[in-house]
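The residues making up each chain are set out below.
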Amino acid sequence: MTVLVQAHPFEVVSEVDVDPGLPIDTVVISESVSVILEPRELLPSSALRALWMSWLSGHFALLLPSLSALSRHPPEARDGQLIADTVDFVRGALERGLPEHAEAAYVQLQELARTCRFLLGLASDLYQDNR
């Protein structure tokens with residue numbers, strides 16, 4: 001089975017370069033997360049895993065500062081702690097990078113993609129609440 005993925009370029013930006021009021025392209029993020037989470041018979045190649053990691057890194061670079069700017073007044077204290085813990089997890093995972101072992105790297109990508117989906121939904125909810 002051959003895995004074909006149309007690669008769209010994502011600009012990777014640092015958190016300090018992101019405008020917290022910048023609307024996030026939820027469609028691009030959702031579609032790329034869906035590509036990563038798509039069921040596969042074979043493990044994706046290392047080049048494809050690296051591409052996906054760059055996508056997720058770019059998405060998180062946009063989501064994390066936007067999320068922290070939007071969540072200055074979370075509805076409940078435990079929501080704020082959940083956001084903080086999730087952000088810490090993501091930052092740690094991005095700093096460590098993907099594991100060497102292909103299966104472990106793929107599992108980590110899937111975990112990061114699910115976390116990205118969760119944070120995207122949370123950011124969308126917070127954005128709507130703050131409008």
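Here's the deal with the overall build of the protein chain
Line of reasoning, step 1. Within the protein chain, the regular secondary structure consists of four helices and zero strands.
Line of reasoning, step 2. Tracing the protein chain from N to C terminus, the helices and strands come up as α-α-α-α.
Line of reasoning, step 3. The long-range share in the protein chain, meaning contacts at least 24 apart out of those at least 6 apart in sequence, stands at 82%.
Line of reasoning, step 4. Accessible area for the protein chain stands at about 8000 Å²; split by element, carbon and sulfur atoms hold 53% of it.

Let's talk about the pattern of salt bridges
Line of reasoning, step 1. With the rule as written, the count across this model stands at one salt bridge.
Line of reasoning, step 2. In this structure, Arg40 and Glu38 form a salt bridge, with 3.5 Å as the shortest nitrogen-oxygen distance.
Line of reasoning, step 3. The class for Glu38 is partly exposed, based on a relative accessible area of 40%.

Some remarks on the environment of Ala123
Line of reasoning, step 1. The topology assignment puts Ala123 in helix 4 (residues 102-129).
Line of reasoning, step 2. Measuring from C-alpha to C-alpha, the distance between Ala123 and Leu63 comes to 7.3 Å, with 60 residues separating the pair along the chain.

Quick notes on the nonpolar core
Line of reasoning, step 1. Core analysis: the largest hydrophobic core is formed by 27 residues, its most contacted members being Leu56 and Phe60.
Line of reasoning, step 2. Those elements giving two or more residues to this core turn out to be helix 1 (26-37), helix 2 (46-70), helix 3 (77-96) and helix 4.
Line of reasoning, step 3. In terms of residue count, the dominant contributor to this core is helix 4 (ten residues).

Things to note about the packing of aromatic side chains
Line of reasoning, step 1. Tallied over the entire structure, the rule returns one aromatic pair.
Line of reasoning, step 2. With a centroid separation of 6.4 Å and 35 degrees between ring planes, the pair formed by Trp52 and Tyr106 is classed as tilted. Placement of Trp52 in helix 2 and of Tyr106 in helix 4 is noted, with a sequence separation of 54 residues between them. Residues Trp52 and Tyr106 agree in their burial class; the two are buried.

Looking at the side chain of Arg49
Line of reasoning, step 1. Mapping Arg49 onto the fold places it in helix 2.
Line of reasoning, step 2. With no salt bridge to any partner, buried Arg49 finds its closest opposite charge in Glu100, at an N-O distance of 8.3 Å.
Line of reasoning, step 3. Setting aside its immediate chain neighbours within four residues, Arg49 contacts Pro44, Leu98, Ala102, Ala105, Tyr106 and Leu109.

What about the confidence of the model for the protein chain?
Line of reasoning, step 1. Counting all residues, the mean pLDDT for the protein chain is 79, and 70% of those residues have values of 70 or more.
Line of reasoning, step 2. By mean pLDDT, the top-scoring element of the protein chain is helix 1 (93), and the lowest-scoring one is helix 3 (84).
Line of reasoning, step 3. Segment residues 1-22 is flagged for pLDDT under 50; beyond a separation of four residues in sequence, or across chains, it makes 35 contacts in the model.

Considering helix 1
Line of reasoning, step 1. Along its twelve residues, helix 1 runs 16 Å from first to last C-alpha, staying within 8% of the 16 Å computed at 1.5 Å per residue.
Line of reasoning, step 2. Listing the buried residues of helix 1 in full gives Ile29, Ser32, Val33, Ile36 and Leu37. Down the axis of helix 1, the sector holding all buried residues measures 135 degrees, keeping them to one side.
Line of reasoning, step 3. Here helix 1 starts with a cap whose side-chain oxygen sits 3.2 Å from the backbone nitrogen of Val27, and that cap is Asp25.

Rules of the game
Residues numbered from 1 in each chain as written. Predicted model: local features only at pLDDT ≥ 70, side-chain atom pairs only at ≥ 80, totals over all residues. Heavy atoms only, no water. Helix = DSSP H or I, 4+ residues; strand = E, 2+ residues; numbered from the N terminus. Contact = heavy atoms within 4.5 Å. Areas by Shrake-Rupley, 256 points an atom, 1.4 Å probe, with all protein chains shown as cover. Salt bridge = Lys/Arg side-chain N within 4 Å of Asp/Glu carboxyl O. Buried < 20%, exposed > 50% of the residue type's maximum accessible area, 1.4 Å probe, protein only. Core = buried A, V, L, I, M, F, W, Y, C linked by side-chain atoms within 4.5 Å. Phe/Tyr/Trp six-rings, centres within 6.5 Å; stacked < 30°, edge-to-face > 60°. Lys, Arg positive; Asp, Glu negative; His and termini not counted. pLDDT = per-residue confidence, 0-100. Expected span 1.5 Å × (residues − 1). Arc of directions from axis to C-beta. Polar contact = N/O pair within 3.5 Å; in protein donor to acceptor, adjacent residues only side chain to side chain.

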